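Understanding the architecture of this molecule
Read off the chains here:
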Amino acid sequence: MPDLYHQLISADRVLLEAVDGLRWGPLTVMFVLLSAWWMKGVAFVAIGAVGDVRARRPLPIATLVAAISVGIGSLIVALLKESIDRARPEHAHSSIDAAVATPGSPSFPSGHTATAFAAAAVVGAIYPRLRWPLYALAALVGLSRIYLGVHFALDVAAGAILGLSIGLGLLWAGRKTRSLVA
């Protein structure tokens, strides 16, 4: 197991160094926008809200569940970051230059990715027509964190898995609760 761990950590560094050499102005601007604070989940909650308004739902279920998923995701990510305390790429390897200011929090897992995938999972389940575009947008949010040099690929993969688990877990709990009440 330690060999696999060291191989993954090494692959993380090599990938980031390769991405660092591929940066291109217009693409960097797009990824900076995708990495903005409002893409951590706020945009996904807003998409759920628009869906709720269009569906004329008396209770904005997509908005509420998406907001709850973002909140739970943020809390779990904060706890994991503090307990794992992995250094950000720029601090871990002098050969890596971040394209934006490096956040002060630890690197693992990616909070942007976790909250984006959590909200995408719930909004996509409530509005199936939006599922794949939302997952694609969440994946681009995660990719932006690698491209900008503020997260390793493992951070983003863990964030995606965590976010999906939270979103799908909330959906499962909601269905279970509804079937118990009905």
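Residues numbered from 1 in each chain as written. Predicted model: local features only at pLDDT ≥ 70, side-chain atom pairs only at ≥ 80, totals over all residues. Heavy atoms only, no water.

Notes on the overall build of the protein
The test is simple: The helix count covers DSSP runs of H or I at least four residues long, the strand count covers runs of E at least two residues long, and both are numbered beginning at the N terminus. For the radius of gyration, the atoms used are the C-alpha atoms, and the globule rule reads 2.2 Å times the number of residues raised to 0.38. We call a residue buried when its accessible area falls under 20% of the maximum for its residue type, exposed when it is over 50%, and partly exposed in between, using a 1.4 Å probe and counting protein chains only. Contacts were defined at the residue level, with two residues in contact if any of their heavy atoms lie within 4.5 Å.
If you tally the helices and strands in the protein, you get 8 helices and 0 strands. Along its sequence from the N terminus, the protein presents helices and strands in the succession α-α-α-α-α-α-α-α. Here the protein has a C-alpha radius of gyration of 17 Å; the compact-globule value for 182 residues is 16 Å, and the two agree. Counting only C-alpha atoms and orienting by the principal axes, one finds that the protein spans roughly 55 × 40 × 25 Å. Of all 182 residues assigned to the protein, the portion counted as buried reaches 41%. Contacts in the protein between residues at least 24 apart in sequence constitute 80% of all its contacts with a sequence separation of at least 6.

What to know about the nonpolar core
Put simply, the rule is: Side-chain atoms within 4.5 Å are what join buried Ala, Val, Leu, Ile, Met, Phe, Trp, Tyr and Cys residues into a set we call a nonpolar core.
If you look at the biggest cluster of nonpolar residues, it comprises 33 residues, and the most contacted ones within it are Met39, Phe44, Ala66, Ala120, Val122, Val123 and Ala138. Secondary-structure elements contributing two or more residues to this core are α1 (2-20), α2 (25-34), α3 (42-54), α4 (61-84), α6 (111-126), α7 (131-147) and α8 (153-181). Counting residues per element, this core draws most heavily on α6, at 8 residues. Apart from residues no more than four positions distant in its own chain, Ala66 is found in contact with Val45, Ala119, Val122 and Val123. Within the second largest apolar cluster, 5 residues are counted, among which are Ala114, Ala118, Leu162 and Ile166.

Describing α3
To keep it simple, the criterion reads: Expected span of a helix: the number of residues minus one, times 1.5 Å.
A rise of 1.5 Å per residue sets the reference length of α3, with its 13 residues, at 18 Å; its end C-alpha atoms lie 18 Å apart and thus fit the reference within 8%. For α3, the complete set of buried residues consists of Ala43, Phe44, Val45, Gly48, Gly51 and Asp52. If you follow the buried residues of α3, they end up packed against α4, α6 and α7. Residue Arg56 follows α3 closely and has a positive phi angle near 55°.

A short note on α2
How we decide: In this description, one arc is meant: the one made by directions from the helix axis to the C-beta atoms.
What α2 keeps buried is the set Thr28, Phe31 and Leu34. Axial view of α2: buried residues confined to an arc of 120°, hence all on one face.

Regarding the packing of aromatic side chains
What counts, and what does not: Here the aromatic set is Phe, Tyr and Trp, taking the six-membered ring for Trp, and pairing holds for ring centres within 6.5 Å; pairs whose planes are under 30 degrees apart are stacked, those over 60 apart are edge-to-face, and all others are tilted. The criterion is that NZ of a Lys, or CZ of an Arg, lies within 6 Å of the ring centre and within 35 degrees of the ring normal, and then a charge sits over that ring.
Within the structure shown, the criterion is met by 3 aromatic pairs. Summarising the aromatic geometry, the rings of Phe31 and Tyr147 are spaced 4.7 Å apart at their centres and angled 40° between planes, so their arrangement reads as tilted. In this pair, Phe31 is assigned in helix α2 and Tyr147 in helix α7, connecting sequence segments 116 residues apart. Exposure class is identical for Phe31 and Tyr147. Each is buried. Of the aromatic side chains, those joined through ring pairs into one cluster are Phe117, Trp132 and Tyr135. Stacked on the ring of Tyr147, the Lys or Arg Arg23 has its end atom at 5.9 Å from the ring centre. Taking the ring centre of Phe152 as reference, the NZ or CZ of Arg86 above it sits at 3.9 Å.

Let's talk about unusual backbone geometry
Residues Phe108 and Pro109 are joined by a peptide bond in cis, for which omega reads -5°. Secondary-structure assignment places Pro109 in the loop between α5 (89-92) and α6. With phi around 55°, Arg56 is a residue other than glycine that occupies positive phi space. Residue position: Arg56 is located in the loop between α3 and α4. For Arg56, a relative accessible area of 74% gives the class exposed. A positive phi angle is found at Asp85, which is not glycine, with a value near 55°.

Section: a nonpolar patch on the surface
How we decide: Nonpolar side chains (Val, Leu, Ile, Met, Phe, Trp, Tyr) are joined into patches within 5 Å and like charges within 9 Å, using only residues with over 30% relative accessible area and no salt bridge. Surface exposure here means Shrake-Rupley accessible area, sampled with a 1.4 Å probe, where a residue is shielded only by the protein chains that are shown. Between Lys or Arg on one side and Asp or Glu on the other, a salt bridge is scored when a side-chain nitrogen of the former is within 4 Å of a carboxyl oxygen of the latter.
Where nonpolar side chains cluster on the molecular surface, the patch consists of Val29, Leu33, Trp37, Trp38 and Val42 and spans about 530 Å² of accessible area. One can find Val29 in helix α2. A relative accessible area of 52% places Val29 in the exposed class.

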